[in-house]
Structure formats: C-alpha cells, structure tokens
Amino acid sequence: MTFDLHTHSTASDGSLAPHELLQLAKARGVSVLAITDHDTLAGYQAASSWMQTGAAPPALPRLVPGVEISTQWGRQGIHVLGLNVDPGNGRLRDLLASQQARRSQRARQIARRLEKLRMPGVWDQLAGQLASGTQIGRPHIASSLIALGFVTSAEHAFKKYLGNGKPADVRIEWATLTEVVEAIGAAGGTAVLAHPLKYKMTASRRRALLADFVGCGGRGIELISGIQSRDATEVLANLARQFDLRVSCGSDFHAPESRWQPLGALATLPRRCKVVWDEWSITC
Ligand code: AMP
Ligand code: MN
Ligand code: MN
Ligand code: MN
C-alpha cells in the first residue's frame, strides 16, 4: 500500500483542486491520502464531499482527515501535521479560525510593506486571484509579484522579499507548539512534526525541539518528506527511535511540476520503524 500523508490543494497553496488531487493520487497508485492544507481542513472536506457524489470515479484513495498547522516554538516557526483528526472538533476548529485570521492579517501587512518598497497593487492582484476561503500564504504573494512583473520566479520572490529576515517578511505570532499539539490530541488526531530537517537549526536544538514536542503530546515524526537523501532518512529514523515516535511519510505535494515533491512517489520506510497509521484501523 502506498501512503502519502502530506499534500496541498487550492484550499491553501497547492495548484490542484481537492478533487483533482484525489484523481492524480489515484493515477499515481496512492492507496491512502491525507490532504493537509495550511491551517485549514477545507481541502479534506471538499475532497470528502466530492467522493460522496455521483461524479466521483471508483477506486479513489482512502482519505485521512488532515491539516498542516503553523506554530511558534520560541522565535522559530515549526509546522505540525494533524493527521486523522475529527474535523468537527470544536477546539481544533477554533484554533484554525484564529490561525486563518492571522494569515489574512499578515498578508495585508506584507502587501503594505511591498507597497512601501515601491511594489504597489499586490493586494488588489491577490483579491482577483484567490478563490474565497483559500488560506493565503506567501506563495500566493509570490505569484502576485510575478504577475505584476516585480520578480521572475517564486524562488526569486522569497530570496529577495518574502523569506525569513527579508524586507517584506512580516513576523506573526502563530499558536504555540504546545497549543497546537494539544488541540490535535483533543481532536483525536496524531500530531506529527513536519519535515524536521527543513528548519535552520543545529542537531542539538533539533533534539530540544523533539523533547518539547514529545513533552506536550507529539506522537509522530515525518520520516520521509518528498525526495530526500538516504542520510536524511537515517538521521530521522534514529531520532524516531531515540524519542519513541511513530513515523509518517508524505510528498508535501504542491504542484505537478515540482520534481522534489512528487505525489505518491516516496521511498519506503525503514522496517524497524513504527508507522503512524497502525493506530488508525485503516482497511483497504
Ligand atoms: P506561509 O505558509 O505563508 O508561511 O508560506 C510557507 C510556504 O511557502 C511553504 O509551505 C512552501 O509551500 C512555500 N515556500 C517556502 N519557501 C519557499 C521558497 N524559497 N520558494 C518557494 N516557495 C517557498
Ligand atoms: Mn506550502
Ligand atoms: Mn511545511
Ligand atoms: Mn506542507
């Protein structure tokens, strides 16, 4: 069985609609899929509703309710996946509503900052670009900057303006790591630390992060995130063992063009690891 437990749709910064993502996942041989949009369950919900309509083809992947939540660990931004959550849970929904308010507030501030940097029109461009309910993120702002001719690529936009510490990087206080992990637990889900090697930190700080993550109820670690080296897999498998964490795997798919985040095409997990889905009673 092929599991891909980290993907994005148009409900956040992915390029495929939730039903298109399901269809591509089926074509790629994925048997269990989690749509984990940034700070929203809307991607999962739209896909799940579509599966129940007559329009949906047979033999689609099993869908796991999921979300990727931006959190704050001290001054460091950390992403936590909430997998197999109860989408109706009030505490989780409240937390996501406040994260969503922070996202739109931040986007306005970034647009203002860009205006001061002599790049006007971003906010209006965004309003025309985004479907209502989409959780706005920096990739949308990068697209606006491209459309307005201020940069030539998303990479360029992040490098010059939007990335951490750059002139249009607006710091926002996300919910804390503890608040997020506890809310996922309260919603019956498994909290998984997303892409642990993508944060700029030393190995000892990463272990401190994992100790705190486990201390507040974190249960899993993303052992495979898209295309990664064997060394990375080895480092993460050792951390999983050291902190007694279950393991997960996901492409972090955003768009079919991305070579590093290929939907469903993931390395196999080392045998010695305990997988997150063993706890979920998944039958295919
Ligand atoms: P945000 O959710 O607004 O903080 O934006 C973070 C998202 O931006 C990530 O989930 C990635 O999809 C994307 N991203 C991060 N760094 C880059 C980069 N250097 N170039 C393009 N996209 C990026
Ligand atoms: Mn993203
Ligand atoms: Mn992430
Ligand atoms: Mn992601």
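Use the structure listed above.
Residues numbered from 1 in each chain as written. Chains lettered and ligands numbered in written order. Predicted model: local features only at pLDDT ≥ 70, side-chain atom pairs only at ≥ 80, totals over all residues. Heavy atoms only, no water.

Undergrad: I'd like a rundown of the overall build of the protein chain, residues and numbers included.
TA: Counting its regular elements, the protein chain contains 9 helices and 8 strands. Its C-alpha atoms give the protein chain a radius of gyration of 18 Å, within 12% of the compact-globule value 19 Å for 284 residues. Projected onto the principal axes, the alpha-carbon positions of the protein chain cover approximately 55 × 50 × 40 Å. Taken over 284 residues, the protein chain has a buried fraction of 53%. Contacts in the protein chain between residues far apart in sequence, at least 24 positions, make up 74% of those at least 6 positions apart. Surface exposure of the protein chain reaches about 13100 Å², of which carbon and sulfur atoms provide 49%. (Helix = DSSP H or I, 4+ residues; strand = E, 2+ residues; numbered from the N terminus. Rg over C-alpha atoms; globule rule 2.2 N^0.38 Å. Buried < 20%, exposed > 50% of the residue type's maximum accessible area, 1.4 Å probe, protein only. Contact = heavy atoms within 4.5 Å. Areas by Shrake-Rupley, 256 points an atom, 1.4 Å probe, with all protein chains shown as cover.)

Undergrad: Go over the coordination of the manganese ion (ligand 4) with me, naming the residues and quoting the values.
TA: For the manganese ion (ligand 4), every protein donor is listed as His 6 (NE2), His 8 (NE2), Glu 68 (OE) and Asp 252 (OD), and the spread of their distances is 2.1 to 2.2 Å. Donor residues binding the manganese ion (ligand 4) come from one chain and are separated in sequence as H-x1-H-x59-E-x183-D. The distance between the manganese ion (ligand 4) and the manganese ion (ligand 2) comes to 4.6 Å. Classification of His 6 as buried rests on a relative accessible area of 0%. The exposure class assigned to His 8 is buried, which follows from its relative accessible area of 0%. (Donors = N, O, S within 2.8 Å, 3.2 Å for Na, K, Ca; no water.)

Undergrad: Lay out the packing of aromatic side chains with the relevant residues and their values.
TA: If you walk through the whole model with that rule in mind, you get 1 aromatic pair. Taking 3.6 Å as the distance between ring centres and 10° as the angle between the ring planes, the aromatic pair formed by Phe 3 and Trp 277 counts as stacked. Within this pair, whereas Phe 3 is found in strand S1 (residues 3-4), its partner Trp 277 is found in the segment after strand S8 (246-250), the two being separated by 274 residues in sequence. One exposure class covers both Phe 3 and Trp 277, and it is buried. (Phe/Tyr/Trp six-rings, centres within 6.5 Å; stacked < 30°, edge-to-face > 60°.)

Undergrad: Give me the lowdown on the site of ligand 1, citing residues and values where you can.
TA: Contacts to ligand 1 come from Asp 13, His 38, Arg 103, Arg 106, Gly 137, Arg 138, Pro 139, Glu 155, Phe 158 and His 254. Arg 103 is positioned with one of its side-chain polar atoms (N or O) 3.1 Å from an oxygen atom of ligand 1. The side chain of Arg 106 places a nitrogen or oxygen atom 2.3 Å from an oxygen atom of ligand 1. Taking 500 Å² as the accessible area of ligand 1 by itself, protein coverage stands at 73%. At the level of elements, helix H3 (90-116), helix H5 (138-147) and helix H6 (154-162) are the ones that each hand at least two residues to the shell around ligand 1. Of the residues in the shell around ligand 1, the class split is 2 nonpolar, 3 polar and 5 charged. (Near = heavy atom within 4 Å. Polar contact = N/O pair within 3.5 Å; in protein donor to acceptor, adjacent residues only side chain to side chain. Nonpolar A, V, L, I, M, F, W, Y, C, P; charged D, E, K, R; others polar.)

Undergrad: Break down the coordination of the manganese ion (ligand 3) for me, citing the residues and quoting the values.
TA: For a metal with four tetrahedral donors the ideal donor-metal-donor angle is 109.5 degrees, whereas six octahedral donors ideally subtend 90 or 180 degrees. Summarising the metal site, the manganese ion (ligand 3) is bound by the protein donors Glu 68 (OE), His 79 (ND1) and His 195 (NE2), whose distances to it range over 2.1 to 2.2 Å. Binding-site remark: the manganese ion (ligand 3) is held by donors from one chain whose sequence spacing is E-x10-H-x115-H. Here the manganese ion (ligand 3) and the manganese ion (ligand 2) are spaced 5.7 Å apart. You can see Glu 68 sitting in strand S3 (residues 62-73) and its partner His 79 sitting in strand S4 (residues 76-83), a full 11 residues away along the chain. You can call His 79 partly exposed: its relative accessible area is 22%.

Undergrad: Describe the packing of H5 against H6, and please don't skip the residues or the numbers.
TA: In the contact formed by H5 and H6, the axes pass within 9 Å of each other and the chain directions differ by 105°. Relative to H6, the element H5 lies roughly perpendicular. Here Arg 138, Pro 139, Ile 141, Ala 142, Leu 145 and Ile 146 of H5 come into contact with H6, specifically with Ala 154, Ala 157, Phe 158, Tyr 161 and Leu 162. Tallied by class, the residues present in the contact of H5 with H6 amount to 10 nonpolar, no polar and 1 charged. (Axes fitted to C-alpha atoms, helices over the stretch in contact; angles between N-to-C directions. Parallel < 35°, antiparallel > 145°, perpendicular 65-115°, else oblique.)

Undergrad: Summarise the side chain of Gln 72; cite the residues concerned and give the values.
TA: If you trace the backbone, Gln 72 turns up in strand S3. By relative accessible area, which is 6% here, Gln 72 ends up buried. Here the side chain of Gln 72 touches Trp 174 through a polar contact of 3.2 Å, landing on its backbone nitrogen.

Undergrad: Can you lay out the nonpolar core for me, pointing to particular residues and giving the numbers?
TA: Soluble, globular proteins show a tendency: their nonpolar side chains are buried together. Core analysis: the largest hydrophobic core is formed by 53 residues, its most contacted members being Leu 5, Ile 78, Val 80, Phe 213 and Trp 277. If one sorts the elements of this core by residue count, helix H7 (residues 177-186) sits on top with 5 residues. (Core = buried A, V, L, I, M, F, W, Y, C linked by side-chain atoms within 4.5 Å.)

Undergrad: An account of unusual backbone geometry is needed here, citing residue identities and associated values.
TA: Even without being glycine, Asn 84 reaches a positive phi, approximately 60°. Along the chain, Asn 84 turns up in the loop between S4 and H3. Note on Asn 84: relative accessible area 26%, which makes it partly exposed.

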